[in-house]
Each structure stands twice: as structure tokens, then as C-alpha cells.
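Here is what each chain is made of, one letter per residue.
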Amino acid sequence: MFAAERRQLILEMVRANGAVSLRELARVVQTSEVTVRRDVRALEAEGLLDRRHGGAVLPGGFTRESGFPQKSHLATAEKTAIADLAAGLVEEGEAIVVGAGTTTQELARRLARVPGLTVVTNSLLVAQALAHANRVEVVMTGGTLRGSNYALVGSGAEQSLQGLRVSRAFLSGSGLTAERGLSTSNMLSASVDRALVQAAAEVVVLADHTKLGTDTMFQTVPTDVITRLVTDEPPAHDDRAATELQALADQGVQIAVTGGSTNPSAGPGADSVQPGRQPRRDVPLPGQRRNHGAGPGQQLRSALLGEQPPGERAARVADLRRR
């Protein structure tokens, strides 16, 4: 077992149990207590766990990663709308990479009807969604199966991506902030996602509003590498998510927003687009005028949804079309 894989397993055991003895860790990873003690010391230096006499414990502030069954029931309407919008970015005959996650799984279901598409993925769920799409070629990485999210990880997955070049990477994660970018709770998953990013000319992040402003352990994609974010409109009371969106836009990330469940009058699929067409509300925000009398959430909604006087709205639309 590679050191990175061994340490990831140690982390997962500590997150699952709260505290684990060195003897138990050594037994599970099948190595000596001396080696495990060295691993624990390295993980503590990174702030990922705390050493205790004869074992390791979870540090304050870090929580156990949710498994697929839990994630699949969170923000389902938002994920569906995000997938609809993101599918419109994919062109006929394109080659893309799609990372693991419940939102990317929803995207894959919509990509099945894009002719001539080639999808490279480390996700069994993405591959399954495209398995019966006759016009889509699916290329899977190698690697070790991580059962909690049905993804292939490890050195085998990373090596299979070397030398690959595609137009876009579609990724999800556990958290997204303007300061740190996209992050995840799993070391091996983050490492494979970074390899997926290296293969792509553009990076598209799919993240619902619940992930905005959340920072988790392992950075996947720095903010300056993210080309576009596809998300749902934050609820009126969620100023944290709205502020984070504005900060991401100020750093040059293009923001594509779908109404999702926060716009019930729009109806299902109101913001979806057909493959090969650009999504609506794909609005580059940097440099726009702010309404200093409103809170961050209202400022962002005004910018994205066009809540302006008719004359200003027409001028804004004309400017966006010229871009």
C-alpha cells in the first residue's frame, strides 16, 4: 500500500470512530506500529488529526464525510436543475472528463443524448448513466474502487490520465470558497480530481448553494483555475452563499445560475438548455455596479436576475450580447 493510500485509510478510520489505537491502525493497514506512528505524526503536522498516547483522534471542526446514500438525498431539485444547465455547455463530438459525485451523475444522465461525445471518468455512477448511450463513448480510468462514492482512486487512476487532453472537465466537491476554490474531504479523491483538471482546457464546477462558503480538508481546484461555476440561486436569507458567489465572480469565475427550487413559478426545467447551446444567465459579474443599500443576497440577485429599471435592463442585455 502506498503511503498516501495508507494515510487516507488511517484518516477514514479516525473519522469513522473518533479515536483509534495505533495497534488497531497497524492491524488494518497491515504494517508496523512504527510506520503507523510516522503516518500519524505526518497527518498531525497537516492538521488532519491529533495524536494521543497510543493512538489518534479526530481534531475539532472536521466531520466525517457523508456517503453516497446520504448525499443522494441532499438538494436533489437543485442538482437536477444544475445538471440541466451544465449539459447545455457540451457540444456534439466533444471530448470531456466528468468527475465523481451525485451532481455529476445527474449531468451524465443528460449527456446520453449528445451525439459523438467522448466522456472520460473515474466514476462508476457516471459510467452507468452512459452505459446504454449508443452515441457516447465512455472511457474509464484505472484505479482502486472507493466504495463510499463509487469512484476509482489512487495511483492507477492518476497514471491513466497522464497525456490526456480534453476540452472541459466537469467536477463537483464538498465545498467551494473564493479564497481556496473547490475542496473535498477525501485525500485520494482530491488527488484524482486534480489529475482530471490537468487534462482539461477549461474547468466547470457544479455546486449547489449549500456548498458555497464551505471549506473542507483537501483543495481540489484553486479559484484561479475554475473557468465557470454552475449553481442554483441562493435563498433570500442565505447571504453567505450570495457573498461567496460575488467574491468568486470578482476573481473572474463565470457564474451560471439556475432558479432551481428557489424559483417555483418557473416550473421544472425552466432554466435548462439543449446540448450545443449556451446556458441562460451565464453572466460574467466582475465590474458590475452594486446596490450599496441592499444586502449581499439582494445585490447578487439583482445582478443575476436583472432586477433593474427597464432602461438599465435593456442596456445590460445589449452589453452581454456584445460579449
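Source: prediction; values computed, not measured.

This part takes up the overall build of the protein chain. Looking only at helices and strands, the protein chain features 12 helices and 16 strands. By residue count, 49% of the 323 residues in the protein chain fall in the buried class. For the protein chain, long-range pairs separated by at least 24 residues make up 66% of all intrachain contacts whose partners lie at least 6 apart in sequence. Here the protein chain displays about 14,700 Å² of accessible surface, and carbon together with sulfur accounts for 49% of that area.

On to the nonpolar core. Within the largest apolar cluster, 27 residues are counted, with the highest numbers of intra-cluster contacts made by Leu176, Val205, Leu212, Val221, Leu229, Leu248 and Ile255. Elements with a minimum of two residues in this core: β9 (166-171), α9 (187-198), β12 (200-206), α10 (239-250) and β15 (254-258). It is α10 that provides the largest number of residues to this core, a total of four residues. If we ignore the near neighbours within four places in the chain, the residues touching leucine 229 are Leu176, Val205, Ala207, Leu212, Leu245, Leu248, Val253, Gln254, Ile255 and Ala256. Counting residues in hydrophobic clusters, the runner-up holds 24 residues, among them Val90, Ala108, Leu130 and Val230.

Right, let's get into the side chain of glutamate 106. Assignment of secondary structure puts glutamate 106 in helix α6 (residues 102-111). Residue glutamate 106 is classed as buried on the basis of its relative accessible area, which comes to 17%. The contacts of glutamate 106, once residues within four sequence positions are left out, are Lys79, Thr80 and Ala83.

Let us look at the environment of alanine 3. Tracing the sequence through the fold places alanine 3 in helix α1 (residues 3-17). Residue class for alanine 3 comes out partly exposed when judged on its relative accessible area of 34%. C-alpha separation for the pair alanine 3 and threonine 35, spaced 32 residues apart in sequence, amounts to 9.6 Å.

With that out of the way, let us pick up the packing of helix α2 (residues 22-29) against helix α3 (residues 33-45). Where α2 meets α3, the closest approach of the two axes is 9 Å, and the angle between their N-to-C directions is 105°. When the axes of α2 and α3 are compared, the pair comes out roughly perpendicular. Seen from α2, the contacting residues are Leu22, Arg23, Leu25, Ala26 and Val29; seen from α3, they are Glu33, Val36, Arg37 and Val40. Classifying every residue of the contact of α2 with α3 gives six nonpolar, no polar and three charged.

Another point: the pairing of strand β14 (residues 228-232). Most of β14 sits out of view: five of its five residues are buried. Alternating residues of β14 divide into Arg228, Val230 and Asp232 and Leu229 and Thr231, and every residue in both groups is buried. One ladder, built from three bridges, connects β12 with β14; its direction is parallel. When the sheet's bridge partners are listed, leucine 206 is paired in β14 with valine 230. Of the strand pairs in this sheet, β14 and β15 are connected by five bridges, and their pairing is parallel. Its bridge partner lying in β15, threonine 231 is registered against valine 257. Handedness of the β14-α10-β15 crossover: right-handed.

Moving on, we get to the environment of threonine 76. Assignment of secondary structure puts threonine 76 in helix α5 (residues 76-87). Among the residues examined, threonine 76 registers a relative accessible area of 42% and is labelled partly exposed. Along the primary structure threonine 76 and aspartate 208 are separated by 132 residues, whereas in three dimensions their C-alpha atoms are 9.5 Å apart.

Positive phi, close to 60°, is recorded for glutamine 30, a residue that is not glycine. Relative to the helices and strands, glutamine 30 resides in the loop between α2 and α3. With a relative accessible area of 73%, glutamine 30 lands in the exposed category. Non-glycine residue tyrosine 150 carries a positive phi angle of around 55°. Here tyrosine 150 shows up in the loop between β7 (144-146) and β8 (151-153).

A grouping of Leu124, Val138, Met140, Leu145 and Tyr150 is seen on the molecular surface, where their side chains present a nonpolar patch of about 380 Å² in accessible area. Take leucine 145: its relative accessible area is 48%, and that puts it in the partly exposed class.

Basis of the calculations
- Residues numbered from 1 in each chain as written.
- Predicted model: local features only at pLDDT ≥ 70, side-chain atom pairs only at ≥ 80, totals over all residues.
- Heavy atoms only, no water.
- Helix = DSSP H or I, 4+ residues; strand = E, 2+ residues; numbered from the N terminus.
- Buried < 20%, exposed > 50% of the residue type's maximum accessible area, 1.4 Å probe, protein only.
- Contact = heavy atoms within 4.5 Å.
- Areas by Shrake-Rupley, 256 points an atom, 1.4 Å probe, with all protein chains shown as cover.
- Core = buried A, V, L, I, M, F, W, Y, C linked by side-chain atoms within 4.5 Å.
- Axes fitted to C-alpha atoms, helices over the stretch in contact; angles between N-to-C directions.
- Parallel < 35°, antiparallel > 145°, perpendicular 65-115°, else oblique.
- Nonpolar A, V, L, I, M, F, W, Y, C, P; charged D, E, K, R; others polar.
- Pairing = 2+ DSSP bridges.
- Right-handed = clockwise from strand over helix to strand, strands pointing away.
- Patch = residues over 30% accessible without salt bridge, like charges linked within 9 Å, V, L, I, M, F, W, Y side chains within 5 Å.
- Salt bridge = Lys/Arg side-chain N within 4 Å of Asp/Glu carboxyl O.

Scope: geometric values only; no functional claims are made or implied.
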